[in-house]
Amino acid sequence: MKRVIVLNNYSFDTVWEEVRRGDKPDHHLYGINHFERHGYEVVIAPFNASQKWNRINQLGHRAPLPLGDLMQQYWTLKNLRKDDIVYAPCQTQTHLLSLGRGSGMLKSPLVCVAHHPFHTGRLSPLRRPYWDRVVRGSDYYPSLSVGVSQQIIASGGRSLALKWGPDATYYRPSGDVGQGVLAAGRTGRDFLTFAAGASRAGIHADIICLQSDADKLVGLPYINLNVQPMHDYMTYPSLMKAFNSARALAIPLHQGASLAGLTSLMDALGMAKPVICTRHPLIDLDIEKEGIGCWIEPGDVDGWSRAITFFDEHPDEARAMGLRARKLVDEGFNSETFAAQILNIFESVLERN
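In what follows, the accompanying structure is described. In this text, all values refer to a predicted model and were calculated from it rather than measured experimentally.

1. Some details on the packing of helix α4 (residues 95-103) against helix α5 (residues 124-137)
Two packed helices can be described by the angle between their axes and the distance between those axes. At their nearest, the axes of α4 and α5 sit 7 Å apart, and the two run at 70° to each other. If you check the angle between α4 and α5, you find them roughly perpendicular. On the side of α4, the interface is formed by His 95, Ser 98, Leu 99, Arg 101 and Gly 102, while α5 contributes Tyr 130, Trp 131, Arg 133, Val 134 and Gly 137. By residue class, the composition of the contact of α4 with α5 is 4 nonpolar, 4 polar and 2 charged.

Below, the structure written as structure tokens:
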């Protein structure tokens, strides 16, 4: 059986246990739970480091030319066998391994998944040659978006845009059309514009957020806040109850260089709910073309007001959009298909080695 050594920026051991317990959908594992039945043993590089390694890793991530997770890369080199594949579902972990692979020092194939653009920030012009070497060093560098994939190809890397879909067996849609609009999430969220739109429409909306976001929303009418601590954010079983009670799910986003909101979009598809989302260049699924929701331009309070009013006044259309969203999942836009894409990449890189 072939071995895959997996490096990630959060503990896959913990998440895999949560998936086994039914506490989390399996798309958070980026395919690794499907590998074994296709002939790949999964070996997860340790995530929890000592204080010493944590300090070293912070230096590696914050260096002018980021070096990746030094502990996980060191552990990988110590435990690597001749025929192993190295797989990193997060692009932050493996920069030194990529450079080693590109120079011929690392003999094992390396496959990484990019979530965000590489060429961002004030130091981008200086870092561009470095990032070009990193992406060219990996055998394959697929991405969760077409835009980032094209950037990798332009840098000389091998890439394609993956379809990251939700766990098709985890979610339990109630079939209830629900009431109001719910927004939840922690990264890149523009809850203020969303809340202002709901207040302008005079329609109640729910927001599940951190205290830092809630502080900006105090005093806005029609907004119900469910404030969660960072260390103990609401679990998926509780979230699903909230999703089922809503008529539509909202994903209000700030415009930034990084991908955001994709996990919440997966929740909407899995729960058979229509979605209202700020237009984002790195979200490839066209919710309007698929007939499962509507786009809002960044910062458009009136746009949010109109969309929230539409779903309040058209429950039948909301239900139909939600059913189309769930149909996408059942017909193949799901985590098992994502795993198959990764496995196909493994086979292609093994054939070339």
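Here the narrative resumes, following the displayed structure.
2. Regarding the packing of aromatic side chains
Going through the model one piece at a time under the given rule, you end up with 15 aromatic pairs. For the pair Phe 118 and Trp 131, a centre-to-centre distance of 5.3 Å together with 50° between the ring planes defines the contact as tilted. With a gap of 13 residues between them, Phe 118 in the loop between β4 (110-112) and α5 and Trp 131 in helix α5 connect regions that are remote in the sequence. Of the two residues, Phe 118 and Trp 131, neither departs from the other in class, the shared state being buried. Seen in terms of ring centroids, Phe 118 and Tyr 141 are 5.5 Å apart; in terms of plane orientation they differ by 90°. Their pairing is edge-to-face. With Phe 118 in the loop between β4 and α5 and Tyr 141 in the loop between α5 and α6 (146-154), the pair connects residues that are 23 residues apart, well separated along the chain. Across this residue pair, the class does not change: Phe 118 and Tyr 141 are buried. Ring-pair connections join several aromatic residues into one group, and the members of that group are Phe 35, Tyr 40, Tyr 87 and Phe 346. Against the face of Tyr 40 rests Lys 2, its NZ or CZ located 4.8 Å from the ring centre. Here Arg 186 stacks its cationic end above the ring of Tyr 233, 4.5 Å away from the centre of that ring.

3. A closer look at the nonpolar core
The biggest cluster of nonpolar side chains holds 83 residues, and the ones touching the most others in it are Ile 32, Phe 35, Tyr 87, Leu 265, Leu 269 and Phe 346. The element best represented in this core is helix α13 (residues 335-352), accounting for 6 residues. The contact partners of Leu 265, leaving out residues within four places of it in the chain, are Ile 251, Val 275, Ile 283, Leu 285 and Ile 287. Membership of the second largest hydrophobic core comes to 25 residues, among which are Phe 194, Ala 205, Ile 207 and Ala 250.

Cut-offs applied
Residues numbered from 1 in each chain as written. Predicted model: local features only at pLDDT ≥ 70, side-chain atom pairs only at ≥ 80, totals over all residues. Heavy atoms only, no water. Axes fitted to C-alpha atoms, helices over the stretch in contact; angles between N-to-C directions. Helix = DSSP H or I, 4+ residues; strand = E, 2+ residues; numbered from the N terminus. Parallel < 35°, antiparallel > 145°, perpendicular 65-115°, else oblique. Contact = heavy atoms within 4.5 Å. Nonpolar A, V, L, I, M, F, W, Y, C, P; charged D, E, K, R; others polar. Phe/Tyr/Trp six-rings, centres within 6.5 Å; stacked < 30°, edge-to-face > 60°. Buried < 20%, exposed > 50% of the residue type's maximum accessible area, 1.4 Å probe, protein only. Lys NZ or Arg CZ within 6 Å of the ring centre and 35° of its normal. Core = buried A, V, L, I, M, F, W, Y, C linked by side-chain atoms within 4.5 Å.

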